[in-house]
Structure formats: C-alpha cells, structure tokens
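# Residue-level structural notes
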Number of protein chains: 2
Amino acid sequence: MTVHNFSAGPCILPKEVLQQASQAVQEFDGLDLSLIEISHRSKSFIGVMDRAIELVKELLEVPKGYSVLFLQGGASLEFTMVPHNLMKAKGGSAAYSVTGTWAKKALKEAQKLGAATAISDSSDRNFCYIPKDESIPETADYYHCTSNNTIFGTQIKEFPSSPVPVVCDMSSDIFSRKVDVEKFGLIYAGAQKNMGPAGATVVIVNDELLGHTGRDIPTMLDYRTHIEKESMFHTPPVFAVYVSMLTLQWLKDRGGIQWVSERNAKKAGMMYGEIDRNPLFEGTADREDRSTMNACFLLKDDSLKERFDEMWKAAGISGINGHRSVGGYRASMYNALPPESVQTLVDVMKELERTKG
Amino acid sequence: MTVHNFSAGPCILPKEVLQQASQAVQEFDGLDLSLIEISHRSKSFIGVMDRAIELVKELLEVPKGYSVLFLQGGASLEFTMVPHNLMKAKGGSAAYSVTGTWAKKALKEAQKLGAATAISDSSDRNFCYIPKDESIPETADYYHCTSNNTIFGTQIKEFPSSPVPVVCDMSSDIFSRKVDVEKFGLIYAGAQKNMGPAGATVVIVNDELLGHTGRDIPTMLDYRTHIEKESMFHTPPVFAVYVSMLTLQWLKDRGGIQWVSERNAKKAGMMYGEIDRNPLFEGTADREDRSTMNACFLLKDDSLKERFDEMWKAAGISGINGHRSVGGYRASMYNALPPESVQTLVDVMKELERTKG
C-alpha cells in the first residue's frame, strides 16, 4: 500500500535514498562490510563526509569564507552553541525573534550566557504570524530568527536587513528554497526534515565571526574545533551523514533548489487553495506568512472530525494530526513528498465536502 | 568473501543485527514506512527507545535509583557534561586518572570548569599500563577513570575503592564483562564499539548525584533534562538507538554478559597466547593490564612487515593497523567478533613464523 507520509519530522525521505541506505547497511562500497561497521577514518567514509559537505556548498551556493559542518545534537544543542560562540563573555547581548516554541527555547539558552532579549514575539496570537519591522539593535552581538515554524505553519518570506550578523535556525525549511547564504552569519538545521534522518546537524558559518567572544568554550561546543578537524574531531554520526549525502545528491540530480522550490510552491498552492476554497476548513496562519512546508488547518465543524479522520486514513494518509499547541491538522510537505500525496489529501477534503450530507 | 573485521570502532556488529537494521530502513513495524521517516513520538519508535533502555538495565543489572539515557555527542560531549553536572560551581574539584588520549581530553574539559587534576598518569611509558594505588582525595566532587584504553590496549581489571563518586568512560568495553554498577556514580559510553553504530551515547547515572552543583547548566548538557523527558527531550538519533536495541537484544538472546565475557576471555586468551608464544611478535601493554578488547602488538623485526601485511590481507583480515601513537598492530576483538576471526589471525601469525625463511 502507498502511504502518503505527511509526518512533521522525522519525515518522508526519497524511496531511492531509502533503498540505497538499506543496501549500505548490508554492504558498502565493495568492502564486504556494512557502512556502520567500518572506521570513520577509512577512505570510504571520508569520501562520504567530503561529498556531503560539497553538496551542501553546491546546492546552497555557499560563498567562500564559510565553513560547512556536520555535527550532532540537533538544533537543540545549537541553541547553546550559538551564544557560546558568538556572544561576548563580558557585556554580550543578542536579539531574538520569538516566532514559536523552538525560538523560545533558543532564547532561553542564550539568556543563560548573557543579555539576550526578544525584540519581537508573536505569542499574542499563538504564533500564527511573523512579526515585521523589527528594530534590531546595533549593539547586539547577533540577531537570531527561525525561518520556518513547524508547529505553527509560519515561514519568514523576507529576512530583515540587520546591522549585526543574522543567525538562522533553518531546521524545517533548509534546502526547500533559495536563500542568500551571504546574508547570514550562521545557519543551522537538524537533518531530520529535508536533509536526512535524525542524528545529524548541519551548520554553515562565516569563519570570520568566530573567536571574538573572550569566552573559554567547551571544546565540543566550539565551532572552531569542528572546522579545524573537518567535522571529524570525534566519531561522526556515520549513518545520518551518509543518508544526508544521498538525499542531497537526489536533490541535485533532479535539478537542485530551483526544481524543488517550484515543486514545493506547487504543492503548497494546491494545499492552501483547497483550505481556502473548501467551506469546511480554515487555515490557522496569516496568509502572507504561511509556510510552504507545514500547512496548519482546522475543521470548522468539529462534529465532522471522526468522519474526516476515517476518510484520510482510508486513503493511506499518515501524520496529519496537528500539534497539540494548535490542534486540528498539519500537512507537512517536505521536499520528498510527491505532489500526488497532496492531491490525495485535497481529494479527501473535497470528498468530505461532497458527502457530508 | 568473509571479512574478519578487527576495526577499533566503529566496529563489527552482528550479521543478524545488520540484516534487521537494513530491513527496517526499507520498512518498519508493518507501517509501510521506513524506520527513519516516522515520528520519534510514534508508538513504534517509543517502543524501540523503551526496549533499548530496558535492555541496558537488564544486561548490566542497573540498580534502582539509576537512570539510563540515550544521548548524542559521543564520549567527547560527556567530557564536558560530566563536570557541568557533577563539579561544584564554586570551589569544585575533580580527580582524574589519565590512562590515555581520551582520558587526557576528558581532564582538559573538566579543567575548563574547575580544579580538575590528574591524580595518576601513565604517559611516562606511553600509557602501556594502568596506575595502581591511587590516592583519591576525599574533597573531590568525583573521580574519573577510563575502563579501557582503545589506543593503548590497556584495561582496568579492578576499579579502585573511592571515597567520592566514580565516573567511568566505558566507551570501549561496556557490555563486554560484568560490572557492578552500584560502585559507580556515572557510566558513559559512545555506542560505536559493543553497542551499535556511531551517533548514540549511553549514560547510566545515579540520580542522587544530580542537582547539587549550584551551576546554571545549558539545558542540553543537563542530565536532568533528559531524565525528565526519558531521552526524548528533542529528536533522538533514531537509527542509532534502534540498532543499539537490536545489538543488546542479540546479546541477551545469546546469554548476556556471562556468555559474552567468557567468549571475550577466550578470544583474548587465543590472541595474547600467540603474541607471547610467537618469537616474531611482542605485546606493548603490561601483561596484567592487557585489554580483552584491543590487543596491541609489534613485529620485532620490521623487515617482515610487508610480508605479514600481505598475508593477513590475503586471509580477509581488516582493520589491524595500530594507532599512530603506538604503531605496529591492534586486534580489536569486540563482542560481535567471532572466535574464528581471532583463529584466522593467529594462524597467519603462525604461518609467518613457519615461512619467514
């Protein structure tokens, strides 16, 4: 049976990638050994790491002077690594845009190290919009934002111009659209949406920003450690890096960011088109800030819930229950989700309208 | 061709585990989805995490009052998590036994946070022995040791009695022999030797030791965060936890620690027996401190190197080049390595002796 996997993350990965990954767990690179039982210092695995880094650089057109790292600990560990590396030890400060649950957590970690403040906060309307016209203080060591809010289905369409380095958590929309890396000081993302399985984190950092805090950073939290050792300071998460590499290669082979951003726009258009057209449903995020990755919507009449749930389950749809903070439904449409899956959901929504009696 | 995988880590895993893991990457738990594309909050994955934790508790007979965690970042991140959680913020101190490269790195991280000192150090003879009769100061917040030194092939046979909590890095021999967990305050280990693939870390900690430092710990570095959320504070390294669970189940099915410790003793006996008997070779570690996991040895006559290397390669042996800090050879004999592989290496050593001319 075809399952239409709308999971919010970990989420759908390309079938071809899963097949190759499965094969590599049995036998890898003609070694008669599994990928996961060879040394990370072997020529075979170094090739994987090098290629993964190269693909990130190619796909996002990472400019010179930036390093690309594969680390562990997800965005959650980045929440503390960022201020450790960028906030001055004495008199440091940082400006945070609080657009959701994860942004709040990021701010909390920075506040443990210095004067980090929320310069904007959309919690007044349950994070259903992206604050505009922020005033970013010139005195801040950096400005931090979250490009896509998985839980609330909002996405920054235009990044603010900033007098200080911009740090962005792109966990849930990296590789989904073109971004001008040069405008960012640091980008980080957990792998488990558009890049690969859980267990790896990608970091893209402007090298010039590092080493100016006067802080004695724990070695593992210091980006310079990992830059110097090319993400091999200690044993990397071999399998997660390998599957990320395969997924990025899959993306490149199909036309890269240009191809996928058009496909993602098409899927989001189909989805929001139906949410807006169908009188039984309503979207939860402000239209101008709607995420192309996660569409959050409600049934206007809760009494239809049981019937709708039966219908989408029968159609092979999986993972569209909304997060408890929003309720209703959330259709996550990451890179690997085919437009046919969105069409299937749209058809079920239409069918509910037609048959509701 | 059968490869005899003596890799020092990531290292050999049971064939049956690799087959199941490969299958799960294609399809998992009857969901028509891959293990790596489902939510970590799904019933299917929560079952995996719960079982993995339960197996650690069963196999090591973890007493009540201890928590078992699956984290990321390997032993290297533990090097800073341990002092963050156990060393008093004001006037804290810790005593380290420096028995190798990793122990040195652990000490370095603790020194960033307080008065950590090496109370013993075997670098005077290139870490070829384990210091005995250490005097552990009663004023230390904890004592830290490394149970097995992968690079130098030494292993603590009897842990010192300590007036303060004992913290042990067991990365390279956990689950290889019986340990009395009650005698430790905290045990940690990267997965990638006896437990599974790279990308997960297991921590076993006496809950009572936590929360007494007066330190504001970054959330992700605070063991209490992960205890409270049962290792699901953020997205866990799904694949690495799953394969660890399979490997621990494999161990349990075969007879657990009792079975494997006998098997490991037998393999080590065969290996060191030949190193000592064969006039062409010599071991590098002091006999009483020899590791059952990693046997380091040298060819007495370097001119035989080319020939020996050809011979073991022809026999399908892989991964026995020694670490550059020791040179020569290192046969890593982790849990999943069958005795037949050791026999194959011993036969090659005998053959070299017989034919050296």
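Residues numbered from 1 in each chain as written. Chains lettered and ligands numbered in written order. Predicted model: local features only at pLDDT ≥ 70, side-chain atom pairs only at ≥ 80, totals over all residues. Heavy atoms only, no water.

This paragraph deals with the packing of aromatic side chains. Within this structure, the stated rule accounts for 21 aromatic pairs over all chains. Relative to Tyr329 of chain A, the ring of Phe308 of chain A has its centre 5.0 Å away and its plane inclined at 90°; by these criteria the two rings are edge-to-face. Here Tyr329 of chain A lies in strand 14 (residues 329-332) and Phe308 of chain A lies in helix 8 (residues 305-314), a separation of 21 residues in the sequence. Here Phe79 of chain B and Tyr188 of chain B contribute two aromatic rings whose centre-to-centre distance is 6.3 Å and whose plane-to-plane angle is 70°, an arrangement assigned as edge-to-face. With a gap of 109 residues between them, Phe79 of chain B in helix 3 (residues 74-86) and Tyr188 of chain B in strand 9 (residues 186-190) connect regions that are remote in the sequence. The buried category is assigned to Tyr188 of chain B, whose relative accessible area is 0%. Each member of the aromatic cluster is reached from another via a ring pair, and the members are Phe281, Phe297, Phe308 and Tyr329 of chain A. (Phe/Tyr/Trp six-rings, centres within 6.5 Å; stacked < 30°, edge-to-face > 60°. Helix = DSSP H or I, 4+ residues; strand = E, 2+ residues; numbered from the N terminus. Buried < 20%, exposed > 50% of the residue type's maximum accessible area, 1.4 Å probe, protein only.)

Note that Glu78 of chain A resides in helix 3 (residues 74-86). Leave out the neighbours within four places in its chain, and Glu78 of chain A touches Leu71, Pro83, Tyr188, Thr201, Val203 and Tyr223 of chain A. (Contact = heavy atoms within 4.5 Å.)

Residue and element names in this part refer to chain B. Judged by how many residues are buried, strand 9 sits mostly within the fold: five of five residues are covered. Where strand 8 (residues 166-169) lies against strand 9, three bridges are found, and the strand directions are parallel. Each bridged residue has a counterpart across the sheet, and for Val167 the counterpart in strand 9 is Leu186. Pairing analysis gives five bridges linking strand 9 to strand 10 (residues 201-206), with the strands arranged antiparallel. Within the sheet, the bridge partner assigned to Tyr188 lies in strand 10 and is Val203. (Pairing = 2+ DSSP bridges.)

This next bit is on the side chain of Gln192 of chain A. By the secondary structure assignment, Gln192 of chain A is in the loop between strand 9 (186-190) and strand 10 (201-206). At 3.2 Å, the side chain of Gln192 of chain A forms a polar contact with the side chain of Thr235 of chain B. (Polar contact = N/O pair within 3.5 Å; in protein donor to acceptor, adjacent residues only side chain to side chain.)

Once that is clear, we can look at the sheet that holds strand 2 (residues 66-71) of chain A. Residues and elements named next belong to chain A. The strand order 2-10-9-8-5-3-4 describes an open sheet built from seven strands, whose pairing is mixed. A strand with exactly one partner marks an edge of an open sheet, and here the two such strands are strand 2 and strand 4 (115-121). Averaged over all adjacent pairs, the angle separating strand axes in this sheet is 15°, with direction ignored. Across the sheet, helix 2 (residues 43-60) touches strand 2 and strand 10, and the angle it forms with strand 2 is around 130°. (Axes fitted to C-alpha atoms, helices over the stretch in contact; angles between N-to-C directions.)

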